[in-house]
Amino acid sequence: MASESTIPGRDTMDFDLIKAALESSDGKKSRTPRTLEGGKGTLSVDQALALMPRRKLTRDDFLTPALKQLKEKADLEASLPPKRVRPVKIKDLLDTLKAAWDFMDDIKPETVNQVVIQWPQEFSETKLEDLSPMNIVDLRVRKPHIGKYLLCRTMTPAIYDGGIGFLLSVEDTEGDIAYLKLLNFVLLLEANQDEWDWNLPISSILVIREPFYYKNADVKSMPYIMVESPSDVIYVHTEDPVMKDVSWARKAKKVIQPRPTTDEGWKAEGLEEFKGARWFSAAMCFTACIIRGFEVEVCRLNRAEVYLRLGWNNSALHDVQVALGSGTLSDDLKRKAINRKIKALYALGRYQEVSQIASSESFEDDQVMADWVTKAGKRIEEQSTGNYDWLKLYKGAEKESFSPDIADYTGPVEVKSDSNGLRGTYVTRDVKAGELLMFHKPSVLLSPSDKPKTNIPSSIFRMIDVPALRTTEDKNTYRLFCKAVQRVWDDKHMYDTLRALYGGETVEAPDPFPPPFTTDSPLERPDIDVEYLQGVIAFNSFDLDDGGKALYAMPSLLNHSCMPSTHAEFIGDAYVVRANRDMKKGEEITIAYIDKGVSFDEKRFRLMSTWRFNCECGVCQADDEDGYDAREARRALSKKMDDIREQSKVVSDAMSFRRLAAEAKAICENMKRTYHEEHGKKAGGLKYELVKPLRSYATVLRLLGAVTKDKACTKRTIEVMMQHLTVSGFKITDMSLTGALPEGELPLPVDTSQVPQSFTFNVAAALEIAQHFRELGDDKRTKRWLDVAVWMESVYSGGGLPVFKLREAEALERVDLSDLL
Ligand SMILES: C[S@@+](CC[C@H](N)C(=O)[O-])C[C@H]1O[C@@H](n2cnc3c(N)ncnc32)[C@H](O)[C@@H]1O
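Since the model is a prediction, treat every value here as computed from it, not as a measurement.

Basis of the calculations
- Residues numbered from 1 in each chain as written.
- Predicted model: local features only at pLDDT ≥ 70, side-chain atom pairs only at ≥ 80, totals over all residues.
- Heavy atoms only, no water.
- Domains from an automatic or database assignment.
- Salt bridge = Lys/Arg side-chain N within 4 Å of Asp/Glu carboxyl O.
- Helix = DSSP H or I, 4+ residues; strand = E, 2+ residues; numbered from the N terminus.
- Buried < 20%, exposed > 50% of the residue type's maximum accessible area, 1.4 Å probe, protein only.
- Polar contact = N/O pair within 3.5 Å; in protein donor to acceptor, adjacent residues only side chain to side chain.
- Core = buried A, V, L, I, M, F, W, Y, C linked by side-chain atoms within 4.5 Å.
- Contact = heavy atoms within 4.5 Å.
- Pairing = 2+ DSSP bridges.
- Axes fitted to C-alpha atoms, helices over the stretch in contact; angles between N-to-C directions.
- Parallel < 35°, antiparallel > 145°, perpendicular 65-115°, else oblique.
- Nonpolar A, V, L, I, M, F, W, Y, C, P; charged D, E, K, R; others polar.
- Left-handed = near helix turned anticlockwise from the far one by under 90°.
- Near = heavy atom within 4 Å.
- Areas by Shrake-Rupley, 256 points an atom, 1.4 Å probe, with all protein chains shown as cover.
- Phe/Tyr/Trp six-rings, centres within 6.5 Å; stacked < 30°, edge-to-face > 60°.
- Lys NZ or Arg CZ within 6 Å of the ring centre and 35° of its normal.
- Expected span 1.5 Å × (residues − 1).
- Arc of directions from axis to C-beta.

**Overview of the domain arrangement of the protein**
When its domains are assigned, the protein resolves into domain 1 (90-95 + 120-243), domain 2 (263-384) and domain 3 (619-820). When each unit is reduced to the centre of its C-alpha atoms, the spacing between domain 1 and domain 3 is 63 Å.

Here is the structure:
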């Protein structure tokens, strides 16, 4: 079931096929042919690249037929006047809902669900008190009913539509009926059918702000009220001012679900739901008690605890504050309230307030409060100094789904726009290689252990992501968006923060970042622009190492470069960004959005297809100037080298290694020739595609050396390893392999103003060089290169020797250098 009409397969689009082939390769794996099996045939990455035009790609290249069709439809709809349509018949409506139930029952795990989002997506920004009532009979299709609201009552339970919405039938006060689709709802994937029944039981009274009545111009389906933004729906209780003088033409339908009939019953049910970790239902029960005036403060505190479990910290804080403000709490309850308040403030990162409360005189000699003071103090220190216990953090990161308890740190960083109007992040003073620039926890997180409660029917959840004008087949992207909806529902400041991030070319420009800090009551829900929020998720979210997905506020401002000024990685779900070279005040802080090592043609495709820009960094310019044929030759050579590496795993005799070494050497030489002379100048020496072949060549030489015990071979291995580091952007200042070195303290044999670009093998490479010098009996050079490895690692991770030992444990096992550490 799609939330809108389903568009058939996009067979005509070559780019889809290319994208699928490249995505299946994930840009990280070896250069051996990767293929995509699918309805449209099989395509290797090389075939995919060969299909690509030999010119720069533009945004229009990625406007797929399906998206074009959608845009045309949106334009057509916009050009047509609003129209009255036949009233909905109750039988048709119930049949439609039944079909939806049946569809959900029949669904197979492998069903591909294609969701097409209406475009543009509507949302209301007018307060309810400034709107006037309307009825179902006044609805016209195609245009939002500006200035109006519809008061209605649900007649059937909410049914999950298998995509991004709930389906319902509603009646208005006149007894007219309508089909209602609630999309992107806060509890969409977070609750099961039982919980929806609790939260949206039959006869729930809803107000829909500025409703949009929808019916395709070309489809004869039943019209429906489509609510795209959850903030357009307001739950109403009978005492609400909007219910004044309201009477219903029909008798209310009986709620089927057994509901508590007494105040005590509601509370008991709330506790029961709480025990079962059904947070939404629990919150609803305690809300019922509060509305009924039953044990209001206790129930408010209970609800605060539920909100804490949900991560709705702002709502929890609000409840606690109201309870404390009532002045009626017993000492025991007051203590509970303060504990919850501290938890909420801590989770919101308001550590100063935590410290203030916990260190108040009334908590003298109280160990729990003393612990809070210590914890908050640590966070405050982290925030201002960027000092963290890196060893503990990296150790923690060895566990699955690690979520470190840290405060965010933003170093000497400012947000500004360049001369082309591109907003980005810049250093506000000179910084040294290895300096910490950002260390942030996610603002919105989807951890891999977080399973949706809704039975999402398919493993493939194909949806068209309209705001970014691109498709995504990643179910988790939508799930992260749902998490973002929850976060902003709870916290308007979070909405303001997300609204200040880039949302794509089809939405308004972002607000200035960061937004001013406000502490809004959670009752002041933001008017959620879902289209904008979807764009924010699409353009800014990160895939975590453990399979999760996350959105970070400040790091979202980082632009891409294939020669970035930083080394960035995850420690659990936290994102850490360090300068990878000395930077001058005013230089831009950049990260690489994709694996830098893949070919220029693959990179430009990935960057344009996902982020909609062409990278103009030095490496891209230089690679571009090399020309397509040279790059194609490079790719072919790289593949040849893959074969040699494979062969080197199965042979064991000197003759075979010698042959392979000669072939590897020839490949590297030929590959060097594919780079034009000026390449190095523009690209800062970076020749990414040469990195791996040189490494393979060094491996073959090492194996040959091991068999022949030939020292010349060991020396050659060191040389090639050094070349490998050089094309990774490292400047080696002493390449000598033999000869006496000056006495006394020597500087490292490398330029310490920068580390090589890619992290994965470089520390290990320095260690291997040290090991080879040891084999040559050169203690001084051995120690110097070991020092290079330790230094390099601390630039990457900021942790010194203990972190080096932890992170390089595997590489250290392969070498025999422990006596020097
Ligand atoms: C995560 S945001 C980066 C911050 C963004 N520039 C902003 O104003 O918030 C990603 C978007 O920034 C732009 N962008 C990032 N790196 C770029 C680059 N090297 N050249 C041009 N545009 C870039 C693209 O529009 C991309 O989709």
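**Some remarks on the pattern of salt bridges**
Here the structure, examined in full by the defined rule, presents 57 salt bridges. Here Glu 382 and Arg 379 are joined by a salt bridge, their closest N and O atoms 2.8 Å apart. With Glu 382 and Arg 379 both in helix H12 (residues 367-385) and 3 residues apart, this pair spans about one turn of that helix. Judged by relative accessible area, which is 7%, Glu 382 ranks as buried. One salt bridge in this structure joins Lys 780 and Glu 743, with 3.8 Å as the shortest N-O distance.

**Some remarks on the environment of Lys 91**
Tracing the backbone through its elements, the reader meets Lys 91 in helix H4 (residues 90-106). Each C-alpha atom of the pair Lys 91 and Val 750 lies 79 Å from the other, and the pair is 659 residues apart in sequence. A distance of 2.8 Å separates polar atoms of two side chains, one belonging to Lys 91 and the other to Asp 95.

**Remarks on the nonpolar core**
If you look at the biggest cluster of nonpolar residues, it comprises 134 residues, and the most contacted ones within it are Leu 180, Leu 182, Ile 225, Leu 498 and Leu 533. Domain assignment of the residues forming this core places at least three in each of domain 1 (90-95 + 120-243) and domain 2 (263-384). What Leu 182 contacts, discounting residues up to four positions off in sequence, is Ile 164, Gly 165, Phe 166, Leu 168, Leu 200, Val 227 and Val 233. Of all hydrophobic cores here, the second largest spans 55 residues; its members include Ala 433, Leu 694, Met 722 and Phe 804.

**Focus on the sheet that holds strand S13 (residues 409-410)**
Taken in spatial order, the 4 strands make up an open sheet running S13-S16-S24-S23, and their pairing is antiparallel. Lying at the two open borders of the sheet, with one neighbouring strand each, are S13 and strand S23 (566-571). When strand S16 (residues 436-440) meets strand S24 (residues 574-579), the two strands line up antiparallel, connected through 4 bridges. Residue pairing across strands places Phe 439 opposite Val 576, the latter belonging to S24. Across the face of the sheet, helix H25 (residues 779-797) comes into contact with S23 and S24 while running at roughly 125 degrees to S24.

**Description of the packing of helix H18 (residues 618-626) against helix H19 (residues 628-650)**
In the contact formed by H18 and H19, the axes pass within 5 Å of each other and the chain directions differ by 100 degrees. Taken together, H18 and H19 sit at an angle that is classed as roughly perpendicular. Across the interface between the two elements, Asp 623, Asp 624 and Asp 626 from H18 touch Ala 630, Arg 631 and Arg 634 from H19. Here the residues of the contact of H18 with H19 are counted per class, giving 1 nonpolar, no polar and 5 charged.

**Digging into the side chain of Asn 302**
Inspection of the secondary structure puts Asn 302 in helix H8 (residues 296-310). A residue is classified by how much of its surface remains accessible, and Asn 302, at 17% relative accessible area, is buried. In this view, Asn 302 contacts Lys 267, Leu 271, Phe 286 and Arg 340; residues no more than four positions away in its chain are not counted.

**Considerations on the packing of helix H7 (residues 279-292) against H8**
Relative to each other, H7 and H8 sit at 160 degrees, their axes nearing to 9 Å. By the criterion of interaxial angle, the relationship of H7 to H8 is roughly antiparallel. Of the two possible hands of crossing, H7 and H8 adopt the one that is left-handed. Across from Trp 279, Phe 280, Ala 282, Ala 283, Phe 286, Thr 287, Cys 289 and Ile 290 in H7, the residues of H8 making contact are Val 296, Cys 299, Arg 300, Asn 302, Arg 303, Val 306, Tyr 307, Arg 309 and Leu 310. Here the residues of the contact of H7 with H8 are counted per class, giving 12 nonpolar, 2 polar and 3 charged.

**What about the site of the ligand?**
Residues in close proximity to the ligand total 13 residues, the closest being Arg 423, Asn 540, Asn 559, His 560 and Trp 611. One nitrogen or oxygen atom from the main chain of His 560 is found 2.9 Å from a nitrogen atom belonging to the ligand. Summarising the interface, the protein chains cover 88% of the accessible area of the ligand, which totals 570 Å² for the free molecule. Among the elements of the structure, helix H16 (530-540) and strand S22 (559-560) are those that each provide at least two residues to the shell around the ligand. Considered class by class, the residues forming the shell around the ligand number 8 nonpolar, 4 polar and 1 charged.

**Concerning the packing of aromatic side chains**
Taken as a whole and assessed by the stated rule, the structure comprises 26 aromatic pairs. Considering the side-chain rings of Tyr 160 and Trp 196, the 6.0 Å spacing of their centres and the 45 degrees angle between planes classify their relative orientation as tilted. With Tyr 160 in strand S6 (residues 159-160) and Trp 196 in helix H5 (residues 193-199), this pair connects stretches of sequence that are 36 residues apart. Accessibility classification places Tyr 160 together with Trp 196 in one group, the buried group. Linked through ring pairs, Tyr 160, Phe 166, Phe 185 and Trp 196 together constitute an aromatic cluster. A cation over a ring is seen here: Lys 181 above Tyr 224, with NZ or CZ 3.9 Å from the ring centre. The aromatic ring of Tyr 426 is capped on one face by Lys 416, whose charged end is 5.0 Å from the ring centroid.

**Some words on the pairing of strand S8 (residues 177-183)**
Remark: a regular strand shows side chains that alternate across the two faces of the sheet. Across the 7 residues that make up S8, a large majority, 7, are buried. Covered by surrounding structure in S8 are Ile 177, Tyr 179, Lys 181 and Leu 183 together with Ala 178, Leu 180 and Leu 182, the residues of both alternating faces. Here strand S7 (residues 165-172) folds back onto S8 in antiparallel fashion, the turn holding 4 residues, of which Gly 175 has a positive phi close to 90 degrees. Looking at chain direction, S8 and strand S11 (residues 224-227) are connected through 3 bridges and run parallel. Directly across from Leu 182, in S11, lies its bridge partner Val 227.

**A word on the sheet that holds strand S20 (residues 542-543)**
An order of S17-S21-S20 is seen for the 3 strands of this open sheet, with the pairing classed as antiparallel. The open sheet has two edge strands with one neighbour each: strand S17 (444-446) and S20. Running at roughly 140 degrees to S17, helix H14 (residues 475-490) makes contact with S17 and strand S21 (549-551) of the sheet.

**What about helix H6 (residues 263-275)?**
Between its first and last C-alpha atoms H6 spans 19 Å; for 13 residues at 1.5 Å apiece the expected length is 18 Å, and the two agree. Within H6 the residues assigned to the buried category are Trp 266, Lys 267, Gly 270 and Glu 273. All buried residues of H6 project into a common sector of 125 degrees when viewed along the axis, lining one side. H6 presents Glu 264 and Lys 275 as exposed residues on the side facing more than 90 degrees away from its buried surface. The secondary structure elements touched by the buried residues of H6 are H5, H7 and H8. Where H6 ends, the next residue or the one after it, Ala 277, has phi of about 60 degrees, a positive value.

**Examining unusual backbone geometry**
For the bond running from Phe 513 to Pro 514, omega is -5 degrees, close enough to zero to count as cis. Inspection of the secondary structure assignment puts Pro 514 in the loop between helix H15 (492-499) and H16. Non-glycine residue Glu 210 carries a positive phi angle of around 40 degrees. By the secondary structure assignment, Glu 210 is in the loop between strand S9 (205-209) and strand S10 (213-214). The class of Glu 210 is buried, set by a relative accessible area of 11%.

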